[in-house]
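# Observations on the three-dimensional arrangement
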Amino acid sequence: MIQRILINRLLQALMVAWGVGSLSFVLMRSLPGDMAYRVAAGRYGQDNVSAEAADWVRQELGLDLPAWQAYLHWLLDLLQLNFGVSLISGAPVIDEIKNQLGHSLQLALVAILLAALIAFPLGIASGLRARGWLDRSLLVLSSFLRAQPVFVIGLVLILVFAVYWPLFPVAGFGNGNDWVLPAFSLALALAAVSSRVVRDSTIQVIASPYYRFARVKGLSEWQTFRQHGLRNLSVPVVAFMGIQLVGLIEGIVMIESLFSWPGIGHGLAHAIFSRDVPMIQGTA
């Protein structure tokens, strides 16, 4: 039974990979403009590109081939697990992806950790004083944050903490300060939802029979919450935050582009601009 499920999931993954890669190929071929010129501009820079350079790139990469031939070549390479090489850097796509994906996962994990550090205390405080002024204020704030695209949150943080108060850099990678703005941009968007999940879970735990029985036994409110509340309310919250980790794909592409973070989202944006089809298909 388990083996059958795993085989089905593997087949689904292969179909998704083929579908996404094929769609990326068709969309890139459908964009207006000269693809060879875009690739040459990505290689040599906008100021150094010329018609001769574009023609040389077109002949080198076979961009003058019919689209169906280029697609068949890509499909044969994919069946051999060969993602090809970047049209811009000439490096194997799989090596580029490994490097970029590591940076993206690091940023995602830091954002999830920060979101938990924000969501748990605020959510617990709201749940313990449900329908109070703090609960209502946090509901308004979380609804406002959740309604904003993540790049808007990032822009506001840049304006406040990089322009008006130059405390953190806008872009960069390597120093501890470089992590603050992109990680908090993602964390605030995640914590806006997670805090309400923590709040609802806290209310359910407090209203449960085992919790009330612990109070009847003579335990103080803090002892009851520490021994019977925290562990039980954490179960659905941890499961929900695991789902959020997958949902970070949506925001991480925009945040990496905004802060020039060297992750897979930033690589995808640059590949689209340069018409680097193998990189687009690989990152997608």
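Scroll up to find the structure.
A brief report on the enclosed structure follows. (Residues numbered from 1 in each chain as written. Predicted model: local features only at pLDDT ≥ 70, side-chain atom pairs only at ≥ 80, totals over all residues. Heavy atoms only, no water.)

Helix and strand counts for the chain stand at 12 helices and 0 strands. Reading the secondary structure of the chain in the N-to-C direction produces α-α-α-α-α-α-α-α-α-α-α-α. Since a compact globule built from 284 residues should have a radius of gyration of about 19 Å, the 25 Å found for the chain marks it as more spread out than a globular shape. Based on the C-alpha atoms only, the size of the chain along its principal axes is roughly 85 × 60 × 30 Å. Taking as baseline every contact in the chain between residues at least 6 positions apart, the subset at least 24 positions apart corresponds to 71%. The average position of the 19 basic charges and that of the 16 acidic charges among the side chains of the chain differ by 24 Å. (Helix = DSSP H or I, 4+ residues; strand = E, 2+ residues; numbered from the N terminus. Rg over C-alpha atoms; globule rule 2.2 N^0.38 Å. Contact = heavy atoms within 4.5 Å. Lys, Arg positive; Asp, Glu negative; His and termini not counted. Charge placed at Lys NZ, Arg CZ, Asp CG, Glu CD.)

Applying the stated criterion to the full structure yields 1 cavity of 30 Å³ or more. Estimates place the volume of the largest cavity at around 30 Å³. Along the lines of polarity and charge, the residues of the lining of the largest cavity split into 6 nonpolar, 1 polar and 1 charged. (1 Å grid on protein atoms, 1.4 Å probe; cavity = no way out; pocket = protein on both sides within 12 Å on 5 of 7 lines; lining within 4 Å. Points joined across faces, edges and corners; volume = space filled by probe spheres on them. Nonpolar A, V, L, I, M, F, W, Y, C, P; charged D, E, K, R; others polar.)

Attention now goes to the pattern of salt bridges. Summed over the entire model, instances satisfying the criterion amount to 3 salt bridges. We note a salt bridge from Arg196 to Asp135, for which the minimum N-O separation is 3.2 Å. Of this pair, Arg196 sits in helix α8 (residues 177–206) while Asp135 sits in helix α6 (residues 133–147), and the two are 61 residues apart along the sequence. Each of the two residues, Arg196 as well as Asp135, counts as buried. For Arg199, the salt bridge identified is with Asp135, shortest N-O distance 2.8 Å. You can see Arg199 sitting in helix α8 and its partner Asp135 sitting in helix α6, a full 64 residues away along the chain. For Arg199, a relative accessible area of 14% translates into the label buried. Members of the salt-bridge network, linked through shared partners, are Asp135, Arg196, Arg199 and Asp200. (Salt bridge = Lys/Arg side-chain N within 4 Å of Asp/Glu carboxyl O. Buried < 20%, exposed > 50% of the residue type's maximum accessible area, 1.4 Å probe, protein only.)

Moving on: the layout of surface pockets. By volume, the largest pocket amounts to about 420 Å³. Contributing to the lining of the largest pocket are 19 residues, with Leu61, Ala70, Trp74, Leu87 and Pro278 lying nearest its centre. If you list the elements that add at least two residues to the lining of the largest pocket, you get α1 (2–30), α4 (67–79) and α12 (277–283). With 4 residues, the single largest contributor to the lining of the largest pocket is α4. Tallied by class, residues from the lining of the largest pocket come to 12 nonpolar, 5 polar and 2 charged.

In this section: helix α10 (residues 221–259). A rise of 1.5 Å per residue sets the reference length of α10, with its 39 residues, at 57 Å; its end C-alpha atoms lie only 45 Å apart and thus fall more than 12% short of the reference. At Gly251, α10 is deflected by roughly 45°, the largest bend along its length. (Expected span 1.5 Å × (residues − 1). Bend = angle between axes of the 7 residues up to and from the residue.)

By the element assignment, Ser86 lies in the loop between α4 and α5 (93–128). Among all residues touching Ser86, those that are not within four sequence positions of it are Ala91, Val93, Asp276 and Met279.

What follows deals with the environment of Val238. Along the polypeptide, Val238 turns up in helix α10. Spatially, the C-alpha atoms of Val238 and Ser30 are 43 Å apart, while their sequence positions differ by 208 residues.

In this section: the side chain of Ser126. Following the sequence through the fold, Ser126 ends up in helix α5. Given a relative accessible area of 1%, Ser126 falls into the buried group. Ser126 has contacts with Leu134, Asp135, Leu138, Arg196 and Arg199, leaving out every residue within four places of it along the chain.

This brings us to the nonpolar core. Generally speaking, soluble globular proteins have nonpolar side chains that are buried together. Counting residues in hydrophobic clusters, the biggest one holds 37 residues, and the most contacted among them are Phe120, Leu186 and Met241. Ranked by the residues each element gives to this core, the list is headed by α8, at 11 residues. Ranked by size, the runner-up nonpolar core spans 23 residues in total, among them Ala40, Val49, Ala70 and Leu78. (Core = buried A, V, L, I, M, F, W, Y, C linked by side-chain atoms within 4.5 Å.)

At a minimum axis distance of 8 Å, the contact between α8 and α10 shows a crossing angle of 155°. By the angle between their axes, α8 is roughly antiparallel relative to α10. Pair α8 / α10 crosses with right-handed handedness. Classifying every residue of the contact of α8 with α10 gives 18 nonpolar, 9 polar and no charged. (Axes fitted to C-alpha atoms, helices over the stretch in contact; angles between N-to-C directions. Parallel < 35°, antiparallel > 145°, perpendicular 65-115°, else oblique. Left-handed = near helix turned anticlockwise from the far one by under 90°.)

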